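One-letter residues, chain by chain:
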Amino acid sequence: MFLQILDLVIGLIFIYFILSIAASSIMETISRTQNVRAKSLQKWLTDSFNEKVGDKKVGELIHEHSLIKKLTTSGRIPSYIPPDIFSRVLLDLIHSQEDKEIKSYDAKTLKKSLESTTLLPEDMKRSFLQYLSENEKDLDAFRASISGWFDDSMSRIGGKFKKYTQKIILGVSLVLAGVLNIDTFQLAEFLYENPQARESLVEASRQALQDSVYQKSLARIPTDSGYDVAVEIARIKTQVNEIDSLQRSLIDLKLPIGWPVKKAVLTSLPSFSTFWDFVGAWLKKIGGWLITGFAVSLGAPFWFETLNKLVNLRGAGSNPSVPPKPAKS
């Protein structure tokens, strides 16, 4: 009985794992096409550096600096700015406001520029002057302090972006569960009554844990600093093909997923003696979709690790390699 229940759980988790990869691919496509990261970075710059120089904000001048423009293709805004590039751009703007001629700066001239600049909020100016006083003999260390400040700010933006993506993934997961009719209750009943299906899912789980294709899917995250149309089209095509492949994988397992082709949605359920039986059955199905959606939204890395532990507990093969952790965005 224990092995039977364990196989059933492994089967459900494998399905959640597959759907999580699909949901993440869809979310990533939405994020890229909407340029969410770049827009978030641009908003932070214009909000944090909102002092006006003529008819433009300092944040806009940072975006228009030649060092920033080189990070991406013409006409696009970057989704990532290296901290050292940011510090050089900001100090260049501050110094050029004081000294219009193209000259390099040292600690003395930079301190003078910082003290007189109107490009920074007063609290930020005080912080940067403190950084400079602590590193007057080492401009590289001073720039590193500003880079660290910028990096910390980007971490906070990353937290906000993560919350945004979690909402998108939850929405995508719920839609996938409903559209594909992936009902956890129905799947659990099916697997409980079909030993062959449970064994097929356990074997598929074991192979998936050792498959480099799945591990590459887990490791894939947006790391580019810009946006190239040809590259994005290729990525989207890859993700569409991946989702199609994942869908075929589930279909090949002959699970009770999807809607009957020859029946209307409302007639796909068995007949009921009373109206309330009908309502109860649909409430149960909706509950099954919700459980599936919330489970899928936990993400593929979570289900990979859980599946790995359970498959090892069952003794179905050696430890697969753990997928690489995504780098900080």
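All chains use their own residue numbering, which begins from 1 and follows the written sequence. Reporting of local features is limited, given that this is a predicted model, to residues whose pLDDT is at least 70; pairs of side-chain atoms are given and counted only at 80 or more, and all residues count toward the totals for whole chains, interfaces and linings. Each side-chain value is worked out from all heavy atoms of the structure, with water and hydrogens disregarded.

## Things to note about the overall build of the protein
In terms of helices and strands, the protein carries 14 helices and 2 strands. Partly exposed residues are those whose accessible area sits between 20% and 50% of the maximum for their type, while under 20% is buried and over 50% is exposed, using a 1.4 Å probe and protein chains only. When burial is assessed residue by residue, the protein has 41% of its 329 residues classed as buried. When contacts within the protein are restricted to residue pairs at least 6 apart in sequence, long-range pairs at least 24 apart make up 72% of them. Counting every atom, the protein has about 18,400 Å² of accessible surface; 58% of that belongs to carbon and sulfur. In this description a helix means any DSSP run of H or I spanning at least four residues, a strand means any run of E spanning at least two, and both kinds are numbered starting from the N terminus. Pairs of residues are marked as contacts when any of their non-hydrogen atoms sit within 4.5 Å. A 1.4 Å probe and the Shrake-Rupley method give the accessible areas. Residues count as covered only by the protein chains that appear here.

## A few points about the nonpolar core
Membership of the largest hydrophobic core comes to 34 residues, with the highest contact counts inside it found for I10, F14, I15, F17, L191 and L307. Mapped by element, the contributors of at least two residues to this core are helix 1 (2-34), helix 8 (139-179), helix 9 (184-193), helix 10 (195-209), helix 13 (275-296) and helix 14 (300-314). Among the elements that line this core, the one with the most residues is helix 1, at 14 residues. Nonpolar cores are built from buried Ala, Val, Leu, Ile, Met, Phe, Trp, Tyr and Cys residues. Side-chain atoms within 4.5 Å join them into one set. In this structure, V58, L93, L120 and F128 belong to the second largest nonpolar core, which totals 30 residues.

## So, the side chain of R198
For R198, the position within the fold is in helix 10. Buried within the structure, R198 lacks any salt-bridge partner; its nearest side chain of opposite charge belongs to D7, at an N-O separation of 4.8 Å. Every residue in contact with R198, bar those within four places of it in the chain, is listed here: Q4, D7, L8, L191, Y192 and E193. Think of it this way: Lys and Arg go in the positive column, Asp and Glu in the negative one, and His and the chain ends go nowhere. Any Lys or Arg side-chain nitrogen located within 4 Å of an Asp or Glu carboxyl oxygen qualifies as a salt bridge.

## A word on the pattern of salt bridges
For the coordinates displayed, the defined rule picks out 8 salt bridges. Here R143 and D140 are joined by a salt bridge, their closest N and O atoms 2.6 Å apart. Within this pair, R143 and its partner D140 are both found in helix 8, separated by 3 residues, close to a single helical turn. R143 sits in the buried class, given a relative accessible area of 13%. For E189, the salt bridge goes to K284, with nearest N and O atoms at 2.8 Å. A residue pair is termed long-range when its members are at least 10 positions apart, and E189 in helix 9 and K284 in helix 13 qualify at 95 residues.

## Digging into the confidence of the model for the protein
The score called pLDDT rates the predictor's confidence residue by residue, from a low of 0 to a high of 100. Considering every residue of the protein, the mean pLDDT works out to 79; 76% of them sit at 70 or more. Taken element by element, the predicted model of the protein shows its lowest mean pLDDT in helix 12 (residues 229-252) (55) and its highest in helix 9 (91). Predicted confidence for residues 221-233 stays below pLDDT 50, and this span has 27 contacts to residues more than four positions away or in other chains. The low-confidence segment residues 263-267, where pLDDT is below 50, has 5 contacts with residues more than four positions distant or belonging to other chains.

## A short note on helix 14
The α-helix advances 3.6 residues per turn, and as a result positions three or four apart in sequence lie on the same side. In this model, helix 14 (15 residues) spans 21 Å end to end at C-alpha, consistent with the 21 Å of a helix rising 1.5 Å per residue. For helix 14, the full list of buried residues reads A300, W303, F304, L307, N308, L310 and V311. Just downstream of helix 14, G315 is the residue with a positive phi angle, here 85 degrees. Helix span, as expected, comes to 1.5 Å for every residue beyond the first.

## Here we look at unusual backbone geometry
Of note, N181 is a non-glycine position whose phi angle comes to about 55 degrees, a positive value. Examined against the element boundaries, N181 turns out to sit in the loop between helix 8 and helix 9.

## Let's talk about the packing of helix 8 against helix 13
Each axis is a line fitted through C-alpha atoms, taken for helices only over the stretch in contact, and angles between the N-to-C directions span 0 to 180 degrees. At their nearest, the axes of helix 8 and helix 13 sit 8 Å apart, and the two run at 140 degrees to each other. The angle between helix 8 and helix 13 places the two elements in the oblique class. The two elements helix 8 and helix 13 meet at a crossing, and its hand is right-handed. Counted together, L170, S173, L174, A177 and G178 of helix 8 and W289, L290, T292, G293, F294 and V296 of helix 13 form the full contact between these two elements. Along the lines of polarity and charge, the residues of the contact of helix 8 with helix 13 split into 7 nonpolar, 4 polar and no charged. An angle counts as roughly parallel when it lies under 35 degrees, as roughly antiparallel when it exceeds 145, as roughly perpendicular when it falls between 65 and 115, and as oblique in every other case. Crossing handedness follows the turn of the near helix against the far one: under a right angle anticlockwise gives a left-handed crossing, and clockwise gives a right-handed one. The residue classification treats Ala, Val, Leu, Ile, Met, Phe, Trp, Tyr, Cys and Pro as nonpolar and Asp, Glu, Lys and Arg as charged. All others, Gly included, are polar.

## Considering helix 8
Between its first and last C-alpha, helix 8 extends 58 Å over 41 residues, near the 60 Å set by a 1.5 Å rise per residue. What qualifies as a polar contact is a pair of N or O atoms within 3.5 Å, subject to a donor-acceptor requirement within protein and to the restriction that residues adjacent in sequence count only when both atoms come from side chains. Capping the start of helix 8 is the job of one residue whose side-chain oxygen sits 3.2 Å from the backbone nitrogen of D140: D138. Downstream of helix 8 by a residue or two, N181 has a phi angle that is positive, lying close to 55 degrees.

## Quick look at the packing of helix 1 against helix 10
Remark: helix 1 packs on helix 10, axes separated minimally by 8 Å, with the N-to-C direction vectors making an angle of 55 degrees. In terms of axis orientation, helix 1 runs oblique to helix 10. In the crossing of helix 1 with helix 10, the sense of the turn from one axis to the other is left-handed. Contacts between helix 1 and helix 10 involve Q4, D7, L8, I10, G11, F14, I15 and F17 from the former and R198, L201, V202, A204, S205 and A208 from the latter.

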